[in-house]
Amino acid sequence: MMHEWALAEAVIRAVEEIVREKSGRVIEVKVVLGELQQVEEDIFREAITMLSRNTILEDAKIVIDRGEARFKCRNCGFEWSFSSLKSNLGEEEAEAIHFIPEIIHVFVKCPKCGSPDYEVTSGRGVWIEYIKIEGEELD
Amino acid sequence: MMHEWALAEAVIRAVEEIVREKSGRVIEVKVVLGELQQVEEDIFREAITMLSRNTILEDAKIVIDRGEARFKCRNCGFEWSFSSLKSNLGEEEAEAIHFIPEIIHVFVKCPKCGSPDYEVTSGRGVWIEYIKIEGEELD
Amino acid sequence: MIDPRTYIIGERLREVKRIITVASGKGGVGKSLVSATLSLLLSSRGKEIGLLDLDFHGPSCHIILGATDIEPLEEYGIVPPRLNGVKFMTIAYYIGDEPAPLRGEEISNVFIELLSVTRWGKLDYLIIDAPPGIGDEIADIVRLVRRCEFILVTTPSKLSLLTVERTIKFLKELRQPVIGLIENMVLRESGEGIKLAEKYGIKYLGSIPYTVEIEDAIGSPSRILETVFSKKLAEIAVASGLL
Amino acid sequence: MIDPRTYIIGERLREVKRIITVASGKGGVGKSLVSATLSLLLSSRGKEIGLLDLDFHGPSCHIILGATDIEPLEEYGIVPPRLNGVKFMTIAYYIGDEPAPLRGEEISNVFIELLSVTRWGKLDYLIIDAPPGIGDEIADIVRLVRRCEFILVTTPSKLSLLTVERTIKFLKELRQPVIGLIENMVLRESGEGIKLAEKYGIKYLGSIPYTVEIEDAIGSPSRILETVFSKKLAEIAVASGLL
Ligand SMILES: Nc1ncnc2c1ncn2[C@@H]1O[C@H](COP(=O)(O)OP(=O)(O)O)[C@@H](O)[C@H]1O
Ligand SMILES: Nc1ncnc2c1ncn2[C@@H]1O[C@H](COP(=O)(O)OP(=O)(O)O)[C@@H](O)[C@H]1O
Ligand SMILES: [Mg+2]
Ligand SMILES: [Mg+2]
Ligand SMILES: [Mg+2]
Ligand SMILES: [Mg+2]
Ligand code: NI
Ligand code: NI
Ligand SMILES: [Zn+2]
Ligand SMILES: [Zn+2]
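Residues numbered from 1 in each chain as written. Chains lettered and ligands numbered in written order. Predicted model: local features only at pLDDT ≥ 70, side-chain atom pairs only at ≥ 80, totals over all residues. Heavy atoms only, no water.

1. Thoughts on the coordination of the zinc ion (ligand 9)
All names here are of chain A.
Okay, step 1: The protein atoms donating to the zinc ion (ligand 9) are Cys73 (SG), Cys76 (SG), Cys110 (SG) and Cys113 (SG), with metal-donor distances spanning 2.2 to 2.4 Å.
Okay, step 2: If you look at the zinc ion (ligand 9), its four donor atoms make angles of 105 to 113 degrees with each other, and the shape they trace is tetrahedral.
Okay, step 3: When the donor residues of the zinc ion (ligand 9) are listed from N- to C-terminus, their spacing reads C-x2-C-x33-C-x2-C. Remark: Cys110 occurs in the loop between helix H4 (104-107) and strand E5 (118-122) and Cys76 occurs in the loop between strand E3 (70-73) and strand E4 (79-81); sequence separation between them is 34 residues.
Okay, step 4: Assessed through its relative accessible area of 4%, Cys110 is described here as buried. (Donors = N, O, S within 2.8 Å, 3.2 Å for Na, K, Ca; no water. Tetrahedral: all angles 85-135°; square planar, octahedral: opposite > 155°, others 65-115°. Helix = DSSP H or I, 4+ residues; strand = E, 2+ residues; numbered from the N terminus. Buried < 20%, exposed > 50% of the residue type's maximum accessible area, 1.4 Å probe, protein only.)

2. Topic: the site of ligand 2
Okay, step 1: Near ligand 2 there are 19 residues, and of these Lys26 and Ser157 of chain C together with Lys31, Asn184 and Thr211 of chain D occur at the shortest range.
Okay, step 2: Bordering ligand 2 are residues originating from chains C and D.
Okay, step 3: Gly30 of chain D places a main-chain nitrogen or oxygen 2.9 Å from an oxygen atom of ligand 2.
Okay, step 4: Protein contact buries 93% of the 560 Å² of open area that ligand 2 shows by itself.
Okay, step 5: Tallied by class, the residues present in the shell around ligand 2 amount to 10 nonpolar, seven polar and two charged. (Near = heavy atom within 4 Å. Polar contact = N/O pair within 3.5 Å; in protein donor to acceptor, adjacent residues only side chain to side chain. Areas by Shrake-Rupley, 256 points an atom, 1.4 Å probe, with all protein chains shown as cover. Nonpolar A, V, L, I, M, F, W, Y, C, P; charged D, E, K, R; others polar.)

3. Some details on the interface of chain B and chain C
Okay, step 1: In this assembly, 36 residues from chain B lie in contact with 30 residues from chain C.
Okay, step 2: Roughly 3000 Å² of surface becomes buried between chain B and chain C when both sides are summed, with 67% attributable to carbon and sulfur atoms.
Okay, step 3: Here chain B and chain C share six salt bridges between them.
Okay, step 4: Between chain B and chain C we count nine residue pairs in polar contact (both at pLDDT 80 or more) in total.
Okay, step 5: Within the residue set of the side of chain B that touches chain C, elements represented by two or more residues are helix H1 (4-19), helix H3 (91-99), helix H4 (104-107) and strand E6 (126-133) of chain B.
Okay, step 6: Per-element accounting of the side of chain B that touches chain C gives the leading share, 11 residues, to H1 of chain B.
Okay, step 7: Across the side of chain B that touches chain C, the residue classes break down as 22 nonpolar, four polar and 10 charged. (Contact = heavy atoms within 4.5 Å. Buried area = accessible area lost by both parts, 1.4 Å probe. Salt bridge = Lys/Arg side-chain N within 4 Å of Asp/Glu carboxyl O.)

4. A word on the interface of chain D and chain C
Okay, step 1: The partner chain C presents 47 residues to the 47 residues of chain D that form the contact.
Okay, step 2: Together, the buried faces of chain D and chain C total about 3900 Å²; carbon and sulfur atoms form 53% of this surface.
Okay, step 3: With a shortest N-O distance of 3.9 Å, Asp216 of chain D and Arg188 of chain C are connected by a salt bridge.
Okay, step 4: Counting across the interface, chain D meets chain C through 24 residue pairs in polar contact (both at pLDDT 80 or more).
Okay, step 5: For the side of chain D that touches chain C, the class distribution of residues is 19 nonpolar, 13 polar and 15 charged.

5. Focus: the sheet that holds strand E1 (residues 16-23) of chain D
Paired through backbone hydrogen bonds, the strands of a sheet run either parallel or antiparallel to each other.
Residue and element names in this part refer to chain D.
Okay, step 1: With respect to topology, eight strands assemble into an open sheet ordered E5-E6-E2-E7-E1-E8-E9-E10, the strand pairing being mixed. The sheet terminates laterally at strand E5 (82-83) and strand E10 (204-209), the two strands that pair on one side only.
Okay, step 2: Strand direction decides the pairing type here: strand E2 (residues 49-53) and strand E6 (residues 86-90), joined by four bridges, are parallel. For Gly50, the partnering residue across the bridge sits in E6 and is Lys87.
Okay, step 3: Seen against the sheet, helix H8 (residues 192-199) touches strand E9 (178-186) and E10 and runs at an angle of roughly 165 degrees to E9. (Pairing = 2+ DSSP bridges. Axes fitted to C-alpha atoms, helices over the stretch in contact; angles between N-to-C directions.)

6. What about the environment of Val79 of chain C?
Residue and element names in this part refer to chain C.
Okay, step 1: Note that Val79 resides in strand E4 (residues 78-79).
Okay, step 2: Spatially, the C-alpha atom of Val79 lies 22 Å from that of Arg147, the residues being 68 residues apart in sequence.
Okay, step 3: For Val79, the contacting residues outside a window of four places in its chain are Pro72, Leu73 and Arg119.

7. What to know about helix H8 (residues 192-199) of chain C
Residue and element names in this part refer to chain C.
Okay, step 1: Among the residues of H8, those classed as buried are Gly193, Leu196 and Ala197. Summarising the axial view, the buried residues of H8 lie within an arc of 100 degrees, below the 170-degree limit, and thus occupy one face. Facing away from the buried surface of H8 by more than 90 degrees, the exposed residues are Lys195, Glu198 and Lys199.
Okay, step 2: Where H8 is buried, its residues meet helix H7 (158-173), strand E9 (178-186) and strand E10 (204-209).
Okay, step 3: Phi turns positive one or two residues past the end of H8, at Gly201, with a value near 60 degrees. (Arc of directions from axis to C-beta.)

8. As for the pairing of E2 of chain D
Residues and elements named next belong to chain D.
Okay, step 1: Within E2, five of the five residues are buried, which leaves the element mostly enclosed by the surrounding structure.
Okay, step 2: Neither face of E2 is open: one carries Ile49, Leu51 and Asp53, the other Gly50 and Leu52, and all of them are buried.
Okay, step 3: Both E2 and strand E7 (residues 123-129) contribute to a ladder of five bridges, which runs parallel. Looking at E7, one finds that Asp53 is bridged to Asp129.

9. Description of the site of ligand 1
Okay, step 1: For ligand 1, the set of nearby residues contains 18 residues, the closest of which are Lys31, Asn184 and Thr211 of chain C together with Lys26 and Ser157 of chain D.
Okay, step 2: In this structure, an oxygen atom belonging to ligand 1 sits 2.9 Å away from a main-chain N or O atom of Leu33 of chain C.
Okay, step 3: Protein contact buries 92% of the 560 Å² of open area that ligand 1 shows by itself.
Okay, step 4: Taken together, the elements giving at least two residues each to the shell around ligand 1 come down to helix H2 (31-44), E9 and E10 of chain C.
Okay, step 5: The dominant element in the shell around ligand 1, judged by the number of residues it contributes, is H2 of chain C, at three residues.
Okay, step 6: Partitioned by chemical class, the residues of the shell around ligand 1 number 10 nonpolar, six polar and two charged.

Below is the structure:
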């Protein structure tokens, strides 16, 4: 699912902008792939590697981590995790959520009370956890 | 401004509901009056005292604190405090904000860029910070 | 940190017999005109009525009712002023003609604040005029009021019917009672509103014709009550069991 | 935690010459019909057009355009499919006929996600169909797109004019350029739209008559282009300098 490239491009552009006024070299960037969006790590890493060429990220270490997706019902307070329901999603549904994570509200209801009114408390999309540049850490 | 009574009533009702299933006596309740709503502390305290009679709060100590109101602009990122602009508010405006704190967006713009699109990061309304009951603290 | 406000809402609505939200999902279908006119009608037939305008971005009921020179009384909370017998609450008292550029969470906060300090007293019906949308708009009413019934409004246009269909599905998911569907601004009967109601087992409450003279009646309760719009709505109120 | 998405939006819109948001504040005034028809019109006159439906609760442009059997292509992002020449993006591709009960912050998130992965390529105009409301709805467009121009739509009704007036004030506070005001669904000329435009120094782009036959044209681009609605809108496009 090749829109991983668009997300990788966003990460690189963000790092470039954020470190623009810094003088140090970028040493390490940690990216968290929220479980909900089901970003394919291999493709994402490949994209980052390709797109980093001739940028300030060229020699940086890219640490990629998975972020657990969790939900909390605004109606009954119940909390649950994405992994507990993944198998119930059809292919079309998973694909829609892959592009727009919030679409989960259309397909998944609170397992306890059935309400669609719940919060995605973590693990939504792609985040940069930190950027290490020489002598500094940004987050 | 007597709607302080309605807010005090809400505090008492909340404490009653929250400690309903607990066995211990309520020892202390801390209430924060967000600066933005300009709740009159004397009236509020009087209301709490009157309304506490014959409730589980009858003998509880009520600690009342003021919470600083702060804002952050979504457009330019500027942060400022309510105290820095209080004097610019007319009486009608202050009264409207007293009833509905969000009305601040109608009268006050970001001091740096003029945008009405900013967040009230703290000090909005009335909050219970904690409830101490015998052997336990709830917050 | 505990927000005490939601705990008092039940108490504030204790003497309100029924709470009816006029909703649609779609904008411009006549929710506000239905809410305000229904309030006037029920009040004129001896019911004790409250009207709460929840459209903070485009409050309309005060314009329809011609509410000028009234404001709420501050008395151990906020007591809504009466207008033609109707106890009426709106954000317009506080913002006048200015825009209230509130975001989602802020809108929820205003709603909670209004529910927790407004003293409606005894009411037969509290009518809530909902804004367009099916997110916070309806979810908050359901979550905070807890015992709402819904009247849905659509026009005969596909664009409205398909959005109202989404709203019906949403209300079903939330297990909310729907009194029925009103088809408004009807130029020629197409049967589409009836079909939609049947598809979801909802009562079709009736259709209201496109009423050109309504525009000149806006601002004057007595003139509104004389329009065809109001006459048809009175029949619908009977059909819904509200009268 | 840094959200990388907003940093790429400028790049995604780099080859888009002008971005025009059709807004109102009020619902049901014809924003979607204007957005979709304007897109068809400009495209038929040789402009390269993108259309983005931002009304996630009541998406309408896909119904107006009769968009069935098309879906976006996944290619280093999302490439919007073409419909009568118009590159068209909508949440309807992903939610079908189901309700998307999204709250304020979630709506912002969907908008950011769409802006950061959609590859519009070269466009003369990107037309954005805004939802009703003047909170997140407009504030997010302003904050994220950064170089929008607005076309405002009202009907001649007081209820619409007063809400659009709030929107105009809000856009002034945000220092956003307004191309002008369209008065839609006019039955008899009242001059109220012109007055509102003059009051705020905005260009009055013209009025569009209430067009009964529009309902039957919905779903068929070729028939829409033959309506009086479309003919008047073409004149307005010229008056606005878009054609
Ligand atoms: N039956 C009707 N005939 C003619 N105009 C109507 C009718 N119902 C509503 N309107 C007009 O349609 C517009 C939208 O009505 P409004 O009550 O503001 O809708 P909503 O609250 O759903 O946005 C207003 O100008 C109103 O006067
Ligand atoms: N000039 C017009 N004449 C007749 N009907 C119209 C006209 N403009 C819009 N409509 C109809 O009014 C309704 C609201 O239009 P829509 O584009 O959905 O408004 P919005 O996007 O502002 O909610 C639709 O049923 C549409 O077909
Ligand atoms: Mg598909
Ligand atoms: Mg006053
Ligand atoms: Mg309305
Ligand atoms: Mg629309
Ligand atoms: Ni993908
Ligand atoms: Ni007071
Ligand atoms: Zn639940
Ligand atoms: Zn600012």
